[in-house]
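Letter by letter, the chains look like this.
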Amino acid sequence: MSTFHPKSGDITRQWYVIDATDVVLGKLASTAADMLRGKHKPQYAPNVDCGDHIVIINADKVHVSSNKREREMRYRHSGYPGGLKTMTLGQSLDTNPVRVIEEAVRGMMPHNKLNDAAVKKLHVFAGEEHPYAGQKPETFEFKQVAQ
């Protein structure tokens, strides 16, 4: 019996909406990364992009456990000498929560060309509204939210 290998015609992409209200940031990022790669499907192959589209709403209401809002630092560099910018995770969540979730999901994925394409299927919004209602996305529920 030969091993099944998914072709591009065999892959059906679905749309999922994840509500990030009171969900721990790391659990949200790891679950979204697995769904972007397609690891929840039976026809998963590590060398084929068979993941789904993920829409994350309420990114500004994500939960960060412990005292990481003050302890964890975020760094950006402009490319010029002395261009290092630092801010805490709490400041970064207050100014741009979309960027925090995108960086967390990208960090949970392997760093290669295949997953650069897969991360383009991630759509994060700070509020309740999103423009992807026409795709009829299914809601994804977490078994356990923040404690």
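Provided above is the structure to which this section pertains.
Because the structure is a prediction, the values reported are computed rather than measured.

**Observations regarding the overall build of the chain**
- Each helix and strand counted, the chain has five helices and six strands in total.
- Along its sequence from the N terminus, the chain presents helices and strands in the succession β-α-β-α-β-β-α-α-α-β-β.
- Viewed in the frame of its principal axes, the chain has a C-alpha envelope of about 55 × 35 × 30 Å.
- Counting the 147 residues in the chain, one finds 37% classified as buried.
- For the chain, contacts bridging at least 24 residues in sequence account for 69% of all contacts bridging at least 6.
- Total accessible area on the chain is roughly 9100 Å²; 51% of this is exposed by carbon and sulfur atoms.
- The averaged location of the 17 negative side-chain charges in the chain is 7 Å from the averaged location of its 20 positive side-chain charges.

**Observations concerning the packing of aromatic side chains**
- Applying the stated criterion across every chain yields a total of three aromatic pairs.
- Relative to phenylalanine 142, the ring of phenylalanine 140 has its centre 5.4 Å away and its plane inclined at 90°; by these criteria the two rings are edge-to-face.
- For phenylalanine 140, a relative accessible area of 26% translates into the label partly exposed.
- Ring pairs connect the aromatic residues Trp15, Phe125 and Tyr132, which therefore count as one cluster.

**Considering the pattern of salt bridges**
- For the structure on display, the rule yields five salt bridges.
- Residues aspartate 52 and lysine 41 are paired through a salt bridge, measuring 2.8 Å at the closest nitrogen-oxygen approach. Residue aspartate 52 is found in the loop between α1 (25-37) and β2 (53-57), and its partner lysine 41 is found in the loop between α1 and β2; the two are separated by 11 residues along the sequence.
- Residue lysine 41 is classed as buried on the basis of its relative accessible area, which comes to 12%.
- Two residues, aspartate 94 and arginine 69, come together in a salt bridge whose shortest N-O distance is 3.3 Å. In this pair, aspartate 94 sits in helix α3 (residues 89-95) while arginine 69 sits in helix α2 (residues 68-71), placing the two residues 25 residues apart along the sequence.

The rules behind these values
- Residues numbered from 1 in each chain as written.
- Predicted model: local features only at pLDDT ≥ 70, side-chain atom pairs only at ≥ 80, totals over all residues.
- Heavy atoms only, no water.
- Helix = DSSP H or I, 4+ residues; strand = E, 2+ residues; numbered from the N terminus.
- Buried < 20%, exposed > 50% of the residue type's maximum accessible area, 1.4 Å probe, protein only.
- Contact = heavy atoms within 4.5 Å.
- Areas by Shrake-Rupley, 256 points an atom, 1.4 Å probe, with all protein chains shown as cover.
- Lys, Arg positive; Asp, Glu negative; His and termini not counted.
- Charge placed at Lys NZ, Arg CZ, Asp CG, Glu CD.
- Phe/Tyr/Trp six-rings, centres within 6.5 Å; stacked < 30°, edge-to-face > 60°.
- Salt bridge = Lys/Arg side-chain N within 4 Å of Asp/Glu carboxyl O.

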